[in-house]
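Below, each chain spelled out in residue letters.
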Amino acid sequence: MNAYAPDPALRLVLASGSPRRRELLAQIGVVPAEIRPPDIDETPGSRELPRDYVKRIAREKAEASVPGQDEIVLCADTTVSMGRRILGKPETEEEARAFLDGLSGRRHRVITAISARRGDDIRVRDVLTIVQMKRLDPAEIDGYLASGDWRGKAGGYGIQGPAGAFIPWINGSFTSVVGLPLAETAGLLTAMGYEVRR
């Protein structure tokens, strides 16, 4: 792999429309010069395993995001899995309810893959976190769904919002569950020559 010297002229393009990822980057002093989410098909393949799926999507986002001469592109994808089942972003409240019913009282995995692209060089990393959700009663699920916080969230919940009260234990990276593993992201950007000023 190429070793890049730090290049203060590099501009960071975030290939994601997620406000949570922008907020996380701001925690380490990184402000994207541009936001350019790519338009790709995120449908899981037949019998595709969750970890393979999320890494493939992060790579395809990078492949669809062509950086300029002075740019580095950062992409990410997060998925929630129960065993081999991929829980993406629910389309309806009924689907979100089914996800929460399934996750209630069980451990599940949250996998975030990040990719960075500089020129034709694409590098991908993935981070797996085990999350325990407490047993939810119907009133808790109803209240959470009524909040609307489940919209646009893999697995139908966001750990950084009201659903944080449902999560007594995690093993791994909290920021990865939110949508961007900061330690790994900072390391990847630094390795590709982008100066992360923490």
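See the structure above.
All chains use their own residue numbering, which begins from 1 and follows the written sequence. Local features in this predicted model are restricted to residues whose pLDDT is 70 or higher, and side-chain atom pairs enter the listing and the counts only when it is 80 or higher, whereas totals over whole chains, interfaces and linings include all residues. The side-chain numbers reported here are obtained from all heavy atoms of the structure, hydrogens and water having been left aside.

Draft legend 1. Inspection of the nonpolar core at higher detail. Among buried residues, the Ala, Val, Leu, Ile, Met, Phe, Trp, Tyr and Cys ones that are joined through side-chain atoms within 4.5 Å form a nonpolar core. Only protein chains enter the accessibility calculation, which uses a 1.4 Å probe; a residue is then buried when its area is under 20% of its type maximum, exposed when over 50%, and partly exposed in between. Ranked by size, the top nonpolar core spans 43 residues in total, and within it Leu12, Ile72, Leu100, Met133, Tyr157 and Tyr194 carry the most contacts. Here a helix means four or more residues in a row that DSSP labels H or I, a strand means two or more in a row labelled E, and each is numbered from the N terminus. Of all the elements in the fold, those that place two or more residues in this core are strand E1 (11–14), helix H1 (19–27), strand E3 (71–82), helix H3 (93–103), strand E5 (107–118), helix H4 (138–147), helix H5 (174–178) and helix H6 (182–191). The leading source of residues in this core is E3, at five residues.

Draft legend 2. Looking closely at the pattern of salt bridges. Salt bridges are defined as contacts in which a side-chain nitrogen from Lys or Arg sits within 4 Å of a carboxyl oxygen from Asp or Glu. Tallying each qualifying case throughout the model produces 15 salt bridges. Here Arg36 ties to Glu71 by a salt bridge, and the two come within 2.9 Å at their closest N and O atoms. Here the residue Arg36 occupies a position in the loop between strand E2 (34–35) and helix H2 (50–63), and Glu71 occupies one in strand E3, the gap between them amounting to 35 residues. Residue classification places Arg36 among the partly exposed residues on the basis of a relative accessible area of 28%. Across the salt bridge formed by Arg97 and Asp142, the nearest N and O atoms sit 2.7 Å from each other. With Arg97 in helix H3 and Asp142 in helix H4, this residue pair connects regions lying 45 residues apart in the sequence. Among the residues examined, Arg97 registers a relative accessible area of 29% and is labelled partly exposed. Overall, Asp142 belongs to the partly exposed group, its relative accessible area being 39%. Taken together, the salt bridges that share partners define one network made up of Arg11, Glu34, Arg36 and Glu71.

Draft legend 3. A look at the side chain of Lys61. Among the structural elements, Lys61 can be located in helix H2. You can call Lys61 buried: its relative accessible area is 9%. Under the rule applied, a polar contact is a pair of N or O atoms within 3.5 Å (in protein, one hydrogen donor and one hydrogen acceptor; residues adjacent in sequence only if both atoms are side-chain atoms). At 3.2 Å, the side chain of Lys61 and the side chain of Asp77 are in polar contact. Two residues qualify as a contact provided that any one of their heavy atoms is within 4.5 Å of a heavy atom in the partner residue. Leaving out residues up to four positions away in the same chain, Lys61 has contacts with Pro38, Ile40, Glu42, Cys75, Ala76 and Asp77.

Draft legend 4. Examining the packing of H3 against H4 more closely. Structural elements are reduced to axes, namely lines fitted to C-alpha atoms, with helices fitted over the stretch in contact, and the angle between N-to-C directions of any two is expressed from 0 to 180 degrees. It is the contact of H3 with H4, at a shortest axis distance of 11 Å, that shows an interaxial angle of 140 degrees. Taken as axis vectors, H3 and H4 run oblique relative to one another. For the pair H3 and H4, the sense of crossing is right-handed. Across the interface between the two elements, Glu93, Ala96, Arg97, Leu100 and Asp101 from H3 touch Ile141, Asp142, Tyr144 and Leu145 from H4. Think of it as three bins: nonpolar holds Ala, Val, Leu, Ile, Met, Phe, Trp, Tyr, Cys and Pro, charged holds Asp, Glu, Lys and Arg, and polar takes everything else, Gly as well. Residues of the contact of H3 with H4, tallied by class, amount to five nonpolar, no polar and four charged. Throughout this description, any angle smaller than 35 degrees is read as roughly parallel, any larger than 145 degrees as roughly antiparallel, any in the 65 to 115 degree range as roughly perpendicular, and the remainder as oblique. Helix crossings fall into two classes, left-handed where the near helix is turned counterclockwise from the far one by less than a right angle and right-handed where it is turned clockwise.

Draft legend 5. Highlighting the packing of aromatic side chains. Ring geometry is summarised as follows: Phe, Tyr and Trp rings, the Trp one being its six-membered ring, pair when their centres sit within 6.5 Å, and such pairs are stacked at plane angles under 30 degrees, edge-to-face over 60 and tilted between the two. According to the stated counting rule, one finds one aromatic pair in the structure shown. The interplanar angle of 75 degrees and the centroid separation of 5.7 Å between the aromatic rings of Tyr144 and Phe166 together place this pair among those described as edge-to-face. Here Tyr144, found in helix H4, pairs with Phe166, found in the loop between H4 and strand E7 (169–171); they are 22 residues apart in sequence, far enough to count as distant. The class for Phe166 is buried, based on a relative accessible area of 7%. Sitting over the face of the ring of Trp169, Arg107 holds its NZ or CZ atom 4.3 Å from the ring centroid. Only when the NZ of Lys or the CZ of Arg is both within 6 Å of the ring centre and within 35 degrees of the ring normal is a charge said to sit over the ring.

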